[in-house]
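Take a look at the letters that make up each chain.
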Amino acid sequence: MLDIKLFRETPEVVRHALELRQMDAGLVDQVLDADARRRDIILKVEVLKAERNNVSKEISRIKDPSERQVKIDAMRVVGDQITALDETLRGVDEEMQEILAGIPNIPDERTPFGEDDHGNVVMRTMGTLKQFAFSPKPHWELAPALGIMDFERGVKLTGSRFYVLSGAGARLQRALIAWMLDLHSRQGYREYYLPFMVKAQTLYGSGQLPKFFDNLYRDAEEDLYMVPTAEVPLTGLHAEEILDESDLPLHYTAYTPCFRREKMSAGRDVRGIKRGHQFDKVEMYIFCKPEDSEAAHLKMLQDAEQTCSELNLPYRVIQQCSGDLGFASRLTYDLEVHAPGLDEWLEVSSISNVGDFQARRANIKYRPAEKGAVRFPHTLNGSGLGLPRTLIAVMENYQQADGSIVVPDVLLPWMGGIDVIKSEG
RNA sequence: GGAGGGAUGACCGAGUGGCCGAAGGUGCCUGUCUUGAAAACAGGUGUGGGUGUGAAUCCACCAAGGGUUCGAAUCCCUUUCCCUCCGCCA
C-alpha cells in the first residue's frame, strides 16, 4: 500500500512507477478523484456530527419538555443526513481502497527498466561451471533411475506436476531444509514454525490479495488459503502491532511448503520438478527501521549466497528489472544456480526490499525511542532457498558417470551415513 | 458438533443510556528532593482521519460489523476469538 500523500503531493512519481511496470498510469487520477470526493464528504459529515454532539449534550440539560422535543426532532433530521453521508463515504472509501490495493510498490531508482524478465541484469557470477567427462543428465533421468523420484505416482495421487520423493531423495531434501534452517539460525534469524493456511486478511497484508486471488488455493468452506510462500504468515506475525524501536531489527526464518495455483503454460517447464503447484522453501524475513533496510537487504543477499557457496553450486546474482519486479517490491535480487543436466540457470531465490509497503498494508508500526509519532518499519524477504530447484542443482552438479550422486559435505550430518546416493532400485 | 461464560488503553481493572476517550492502580516519561539511586510528591503518557502555515480544533475508535436512540463502552442482532464442560480426534 502506498501512502496517499504520495498521490496528493507527487502524483508524477506514482505515474512514472506505474509506467515502469507497464501499468495504466491513469489509476493515479482515479485515486486522486476518489480522494477529493472523500474529503469533501468528510468535511460535510463532520460538521453535522459536531452539531449533533453539541445539541445532544444540550438536550440532556433541558428540562422543558416541548423545548426538548424541538431539539430532538431537529437532531432526528440531522441524524438521517449523517446516515446518508456516512453511507456515501463508505462507498467512496471502498472505491479508493480497491484501486489503492491494486497499485504496486514504486521501484527503487536502482531497479533497471525492462519490459519482462529479459530485462534483468546479471550482476555477478560466482563459482565455475562444473566440467564433466561425460554428458551430465537432467534430474528427471538421474533420480528416477536411482529410485528416489517418482513422477507417475505423483500424477496418480494428485495430477500433473506433482511428484514423489523417496529414500535418499526424500532424505536429501529434508537434509537441505534442516541445514538451511540451521545456517540461517547461525546467521541470526529466529526459526519459526507457522500455519500453512491463512485467512484473507493475512494475504492482503503481504500483497497477494486482492490482485492475485487466482494464484491461490482456497478452502471455500472456511475461507482459508494455502500459503503461497512463508513470506505471507511471516509478514502477518506482527500485523496490527506497534513494536518498540528496541525490538528492531527482527530476523526470522521459516520452512513452509508453498502452494500456487498458477496456470502453467503447456510445454514450458513441464518435465521434472522445476515448477509445480506444491514446493518447499526456506524463507528469511527482516523487520527493521527504514534507515537500516539497505544494509539489511545486503545482509540477506549475502546470507542467501552463503547457502549456494557452501553447497559449492555455481550461481549468479541478478538484478530484477521493473517489468519483472514483484508487486510489493522496490528492489529485488535473484539468485540463480546452474543446473548442468538442464544446462540452465535456475532461479532459487528472490531477495526483496519492499520498504514500508507491506508494513502499511498489514498495519505494522514501531514506536521510536525518541518521542515522536509511530512509524512504519521496512520489511525484507528472501528465499534461502527454494527447495526443488536447489535439489535439482545438487543432483545435477553432484552426479557421477555411473549415475550416482555424491552428497555435499555440509548435508552429511542429516544423511544417516549415506555419502553417495546409489541405485535403490 | 452441543451447552455455558467472557473480550475495556502497554498491563491490571472500574464503568448497564448523556457529566466517559473512558475512574483507580501498575508500567513508562518529565520535574522536585538526593553526591547518585531508591522512596516520596507533582505533572505527563493511545491510534487513525479532516481543517489550518501554525497554535489549535473537529470527527471516529471500549474484539469486528450492523441496528435501536436526539444521544451507545453501556440496549439488540450477527461474526470472530478466548475460557469451562460434554462429544470426537493425531
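What comes next concerns the included structure.

Each value, and the rule that gives it
- Residues numbered from 1 in each chain as written.
- Chains lettered and ligands numbered in written order.
- Predicted model: local features only at pLDDT ≥ 70, side-chain atom pairs only at ≥ 80, totals over all residues.
- Helix = DSSP H or I, 4+ residues; strand = E, 2+ residues; numbered from the N terminus.
- Buried ≥ 20, exposed ≤ 12 C-beta atoms within 10 Å, placed from the backbone.
- Contact = placed C-beta atoms within 7 Å.
- Pairing = 2+ DSSP bridges.
- Axes fitted to C-alpha atoms, helices over the stretch in contact; angles between N-to-C directions.
- Near = placed C-beta within 6 Å.
- Nonpolar A, V, L, I, M, F, W, Y, C, P; charged D, E, K, R; others polar.
- Core = buried A, V, L, I, M, F, W, Y, C linked by C-beta atoms within 7 Å.

1. Details of the overall build of chain A
In terms of helices and strands, chain A carries 12 helices and 17 strands. Across its three principal axes, chain A shows a C-alpha extent of roughly 100 × 45 × 45 Å. Going through the 425 residues of chain A one by one, you find that 36% of them count as buried. Here the contacts in chain A between residues at least 6 apart in sequence split such that 74% fall between residues at least 24 apart.

2. A look at unusual backbone geometry
Across the junction of leucine 209 and proline 210, the peptide omega takes the value 5 degrees, indicating a cis bond. By the element assignment, proline 210 lies in the loop between helix 8 (200-206) and strand 6 (218-219). With an omega of 0 degrees, the peptide bond running from leucine 248 to proline 249 counts as cis. Structurally, proline 249 is set in the loop between strand 8 (241-244) and strand 9 (250-259). You will see that aspartate 223, though not glycine, has its phi angle at about 55 degrees, which is positive. Relative to the elements of secondary structure, aspartate 223 occurs in the loop between strand 6 and strand 7 (224-226). The class for aspartate 223 is exposed, based on 9 C-beta atoms found within 10 Å. In this model, aspartate 343 sits at a positive phi of 50 degrees, which is unusual for a non-glycine residue. Counting through the fold element by element, aspartate 343 comes out in the loop between strand 12 (331-339) and strand 13 (344-353).

3. With respect to the pairing of strand 13
Within strand 13, seven of the 10 residues are buried, leaving the element largely enclosed by the surrounding structure. Direction of pairing for strand 12 relative to strand 13: antiparallel, over a ladder of nine bridges. Bridge pairing in strand 13 places leucine 335 opposite serine 349. With antiparallel pairing between neighbouring strands as the criterion, strand 12 and strand 13 make up a hairpin whose turn holds four residues, including aspartate 343 at a positive phi of roughly 50 degrees. Bridge analysis of strand 13 against strand 15 (residues 378-386) gives three bridges, and the strand direction is antiparallel.

4. What about the sheet that holds strand 11 (residues 315-319)?
Reading across from one edge, 1-11-12-13-15-10-9-4 is the order of the eight strands in this open sheet, with mixed pairing throughout. Unpaired on one side and paired on the other, strand 1 (121-126) and strand 4 (190-192) mark the two borders of the sheet. Adjacent strand axes in the sheet meet at a mean angle of 25 degrees, parallel and antiparallel pairs treated alike. As paired strands, strand 4 and strand 9 are joined by three bridges and run parallel to one another. The partner of arginine 190 across the bridge, within strand 9, is tyrosine 252. Sitting on the sheet, helix 10 (residues 293-310) is in contact with strand 1, strand 10 (278-288), strand 11, strand 12, strand 13 and strand 15, with an inclination near 5 degrees to strand 15. Sheet contacts for helix 12 (residues 387-397): strand 10, strand 12, strand 13 and strand 15; angle to strand 12, the most-contacted strand, approximately 35 degrees.

5. Focus on the protein's contact with RNA strand B
In the neighbourhood of RNA strand B, 17 residues make up the surrounding shell, with Lys49, Ala50, Ser56, Ser60 and Met75 lying closest. Broken down by secondary-structure element, the contributors of at least two residues to the surface near RNA strand B are helix 3 (27-61) and helix 4 (65-101). No other element matches helix 3, which puts 11 residues into the surface near RNA strand B. Of the residues that constitute the surface near RNA strand B, the class distribution is eight nonpolar, four polar and five charged.

6. Comments concerning the nonpolar core
Counting 78 residues, the largest nonpolar core has Leu172, Leu176, Val337, Leu391 and Met395 as its most contacted members. Contacts of valine 337, omitting those with residues within four sequence positions, involve Cys308, Leu313, Pro314, Tyr315, Leu346, Val348, Thr390 and Ala393.

7. Side note on the pairing of strand 11
With five bridges connecting them, strand 1 and strand 11 associate as antiparallel partners. In the strand pairing of strand 11, methionine 126 is matched with tyrosine 315. Looking at chain direction, strand 11 and strand 12 are connected through five bridges and run antiparallel. Bridge assignment links tyrosine 315 to a residue of strand 12, and that residue is valine 337.

8. Details of the sheet that holds strand 6
Pairing in this open sheet of three strands is antiparallel, and the strands run 5-7-6 from one edge to the other. Lying at the two open borders of the sheet, with one neighbouring strand each, are strand 5 (197-199) and strand 6. Direction of pairing for strand 5 relative to strand 7: antiparallel, over a ladder of three bridges. When the sheet's bridge partners are listed, methionine 197 is paired in strand 7 with methionine 226.

None of the figures reported here should be taken as evidence of function without further support.
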